[in-house]
Structures are given as structure tokens and as C-alpha cells.
Amino acid sequence: MKLFQDGDFTSHAGLPLAWKLECDAITDDEWRCIAKMVMDYQDRPFCKAVGIPRGGLKFAEAMNEYATGNPMDQIMICDDVFTTGTSMKEFIAENYPNWIAGMGFRWVLFARTPCYEHPHHVRALFTMPKPTDPKYKQK
């Protein structure tokens, strides 16, 4: 399995994609290293990490090595790839419907478009530049 895949794919939000990042190709050792990298930027403690199925599960598992277990700390939501933010928005609405914008931490490994303007304050370890193709316009 390869991390970078060429072909015709559809994003969670229904966008046509000409390539994708297949994070199932990332090994457990690589996820542990990625978690360590995130901790260079995560400046506040978190109670536990939860992953958005399916892509965020391994990421959350690796991040839980750094979780405090303290229920007074906020939760971290993890996902592998951010395209429009639809999966993050849906996951929060379904699992944390009472959260306001500043609650919890949100991390993704790759952002296909800059995610700093996303209303759920998502942070990405790696961010790709904004495409010029209008089909990638964030919603």
C-alpha cells in the first residue's frame, strides 16, 4: 500500500479527487513519531484523544501516549486528512453536540487546504497550499 495514490477518488464531502493520501499505509512506529511531532506544537494538556473513524483512529491511539487522563483537561479529536472539514464537523455534532467553538483540541495529519479558517479551529501537522481549482473551495 502506498501513502500517495493517483486515481479517481471521492472525498467524505463528495468532492472528486484526482489523488489521495492513504494513511492506512502509515505504520504504528510512524504514527508514534507523528504523535511526538504533534507534541512539539500541542502546548496544553489533553485528557484523551479520540479518532474520527476510520482515518483518525490510529492517530488518536498514538496521541493517547501523551494524554493526561485528567477529566478536567479537554479532549483531542484526531483525523488523518482534512479536505473541507465535513468529517470533523459531523463528528463533533454527533459526539459533542454541546461543545462551543473553543472546546477541545482538533488535529489532523494532512490538510489538503489550509484549515486555519475552519470554524472548528483545526490544526494540521502538514498543510498543502490552497488549490486554485474552485472545486476545493471550503464550505
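All of these numbers come straight from a predicted model, not from anything done at the bench. (Residues numbered from 1 in each chain as written. Predicted model: local features only at pLDDT ≥ 70, side-chain atom pairs only at ≥ 80, totals over all residues. Heavy atoms only, no water.)

Here we look at the packing of aromatic side chains
So, step 1. Counted under the stated rule, the structure contains four aromatic pairs.
So, step 2. Centroid distance Phe 91 to Tyr 96: 6.3 Å. Interplanar angle 55°. Geometry classified as tilted.
So, step 3. Judged by centre distance (4.4 Å) and plane angle (25°), the ring pair of Tyr 96 and Trp 99 falls under stacked.
So, step 4. Tyr 96 sits in the buried class, given a relative accessible area of 16%.
So, step 5. Counting every residue linked through ring pairs, the aromatic cluster contains Phe 91, Tyr 96 and Trp 99.
So, step 6. Its end group placed over the ring of Trp 19, Arg 112 keeps NZ or CZ at 3.6 Å from the ring centre. (Phe/Tyr/Trp six-rings, centres within 6.5 Å; stacked < 30°, edge-to-face > 60°. Buried < 20%, exposed > 50% of the residue type's maximum accessible area, 1.4 Å probe, protein only. Lys NZ or Arg CZ within 6 Å of the ring centre and 35° of its normal.)

Overview of the pattern of salt bridges
So, step 1. Following the criterion strictly, the structure yields five salt bridges and no others.
So, step 2. Close ionic contact of Lys 58 with Asp 28 constitutes a salt bridge, the shortest N to O distance being 2.8 Å. On the criterion of sequence distance, the pair formed by Lys 58 in helix α2 (residues 57-63) and Asp 28 in helix α1 (residues 28-38) is long-range, its members being 30 residues apart.
So, step 3. Exposure remark for Lys 58: the relative accessible area of 36% places this residue in the partly exposed category.
So, step 4. One connected set of salt bridges, linked through shared partners, spans Lys 20, Glu 22, Asp 24 and Arg 54. (Salt bridge = Lys/Arg side-chain N within 4 Å of Asp/Glu carboxyl O. Helix = DSSP H or I, 4+ residues; strand = E, 2+ residues; numbered from the N terminus.)

Examining α1
So, step 1. Residues of α1 that are buried include every one of Trp 31, Ile 34, Ala 35 and Val 38, and no others. All buried residues of α1 lie within an arc of 100° about the axis, which places them on one face of the element. Turned more than 90 degrees away from the buried face of α1, the exposed residues are Asp 29 and Lys 36.
So, step 2. Those residues of α1 that are buried are in contact with α2, β4 (74-82), β5 (105-111) and β6 (122-127). (Arc of directions from axis to C-beta. Contact = heavy atoms within 4.5 Å.)

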